[in-house]
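What follows is each chain in one-letter form.
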Amino acid sequence: MNHLVLKHIYKKYSNGADAPYAVKDLSLEIPEGSFVGILGPSGCGKSTTLRMVAGLEEITAGDLEIAGKKCNHVPSKDRGVGLAFEEYALYPPLTVYDNIAFCLRAKKVPKAEVDQRVRAIAATMKVEELLKEKVGGLSGGQKQRVNIARALVRNPKILLLDEPLSHLDQKMRQILRREIKKLHNEIKCTTILVTHDQMEALSLADYIAVMDQGVLKQFGTPKEIYNEP
Ligand code: ADP
Ligand code: ADP
C-alpha cells in the first residue's frame, strides 16, 4: 500500500505571477515502510518538498495524501510525522533527556511513560549514556543522534530527515549512516531523507527521487537509477 502520495504538487513562495515555482508538478507514490531518498543539487526543491509533507509549508497546487486521506490542510501536529530538521534545533542548555522528553511533556504524557519512552529511544539511538549531559557540550554526531531520537519519541508514522549527516566529518557520517539504516530495518517507519550526497541516498534508500530545478527527473530503486544504459 502507498503510505504517502503526492499528486501534481506545485509550490510557489511568492504570489507574483512571474515568480518561479520551487516545486513543479511533482508526483510520487511512496510505499508504506519504505525509505526514500530525495536527491539533487542545492536549491532544487528538496527541502520545500519535505516541508510540504511535514505541513510546515503550504502547498500551492496539487494534493498530498497520507494513508489514503487528503491532508493538504491537516496541521503538522496531526500528520503523524517526526522531523529531524535544522530549524528544530535542540535546546543547548537543556540535558539530552529533557530535549527528548520535551514534546511528550508538552502533550502532558504521564511522567512514567515519558521516562520509559525517552529511555527506550535513547537506547535505540545509543545516547543512553548521555541522558544527563547538556546538549550544548555534545559533538555533532551525538547531537544528530539526539535529534533523531527526539523525532522518534513521538512514535511517528513518517520520519522526515533533512540532511541529517551534512555537518559531520566523514567517519561520523559513515557511522551514523549505518545506524540510520539499522534503525529503519528495525522500526520500518516510512522514511524520507533529503540529501545532496549521492552516496548517502544510494546506501540508505529503497527508492531515490532525483530532483532538478523543482522537477522530479527520476524515481526508482538505486539499481534502476544507476544501472541505466
Ligand atoms: P533544496 O532543499 O534542494 O536546497 P529548497 O527547497 O530549499 O531547495 O529551495 C528551492 C527553491 O525555493 C530555491 O530557489 C530557494 O531559493 C527557494 N526557497 C526556499 N525557501 C524559500 C522561502 N522560504 N522563501 C522563498 N523562496 C524560498
Ligand atoms: P504538538 O506535538 O502539541 O504539536 P510540539 O511543540 O511538540 O507540539 O510540536 C510542534 C510541531 O512540530 C508539531 O506540529 C509537530 O508536527 C512538529 N514536530 C515534529 N517533530 C518535531 C521535533 N522533532 N521537534 C519539534 N517539533 C516537531
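These numbers come from a predicted model, not from an experiment.

Draft legend 1. Just the sheet that holds strand 2 (residues 23–31), in detail. Overall, antiparallel pairing links the four strands, which are arranged 2-1-4-5 in an open sheet. Two strands close off the open sheet at either side, each with one partner strand: strand 2 and strand 5 (69–70). Packing of helix 1 (residues 46–54) onto the sheet brings it into contact with strand 1 (2–11), strand 2 and strand 4 (61–66), and relative to strand 1 it is tilted by some 120 degrees.

Draft legend 2. Just the nonpolar core, in detail. Core analysis: the largest hydrophobic core is formed by 43 residues, its most contacted members being V96, I100, V127 and I148. When residues of this core are traced back to their parent elements, those giving at least two are strand 3 (35–39), helix 2 (96–106), helix 3 (111–124), helix 4 (140–152), strand 7 (158–162), helix 5 (170–187), helix 6 (198–204) and strand 9 (207–212). Ranked by the residues each element gives to this core, the list is headed by helix 2, at six residues. Beyond its immediate stretch of four places on either side in the chain, I148 contacts A84, M125, L161, I180 and L183. Ranked by size, the runner-up nonpolar core spans 27 residues in total, among them L4, L26, A209 and M211.

Draft legend 3. Expanded view of the site of ligand 2. Within the structure, ligand 2 sits among S76, K77, V81, G82, L83, Y88, C103, K107, R150, A151 and R154. Isolated, ligand 2 exposes 530 Å² of accessible area, and the fraction of that covered by the protein chains is 76%. When contributions to the shell around ligand 2 are tallied by element, the ones reaching two or more residues are strand 6 (81–84) and helix 4. The element best represented in the shell around ligand 2 is strand 6, accounting for three residues. Class assignment of the residues belonging to the shell around ligand 2 gives a composition of five nonpolar, two polar and four charged.

Draft legend 4. How the structure looks around the packing of helix 2 against helix 3. One can describe the packing of helix 2 onto helix 3 by two numbers: an axis separation of 10 Å at closest approach and a directional angle of 130 degrees. Taken as axis vectors, helix 2 and helix 3 run oblique relative to one another. Helix 3 is crossed by helix 2, and the crossing has right-handed handedness. From helix 2, Y97, I100, A101 and L104 reach across to helix 3, where they touch V114, D115, R117, V118, R119 and I121. Residue classes in the contact of helix 2 with helix 3 are distributed as seven nonpolar, no polar and three charged.

Quick notes on the rules
Residues numbered from 1 in each chain as written. Chains lettered and ligands numbered in written order. Predicted model: local features only at pLDDT ≥ 70, side-chain atom pairs only at ≥ 80, totals over all residues. Heavy atoms only, no water. Pairing = 2+ DSSP bridges. Helix = DSSP H or I, 4+ residues; strand = E, 2+ residues; numbered from the N terminus. Contact = heavy atoms within 4.5 Å. Axes fitted to C-alpha atoms, helices over the stretch in contact; angles between N-to-C directions. Core = buried A, V, L, I, M, F, W, Y, C linked by side-chain atoms within 4.5 Å. Buried < 20%, exposed > 50% of the residue type's maximum accessible area, 1.4 Å probe, protein only. Near = heavy atom within 4 Å. Areas by Shrake-Rupley, 256 points an atom, 1.4 Å probe, with all protein chains shown as cover. Nonpolar A, V, L, I, M, F, W, Y, C, P; charged D, E, K, R; others polar. Parallel < 35°, antiparallel > 145°, perpendicular 65-115°, else oblique. Left-handed = near helix turned anticlockwise from the far one by under 90°.

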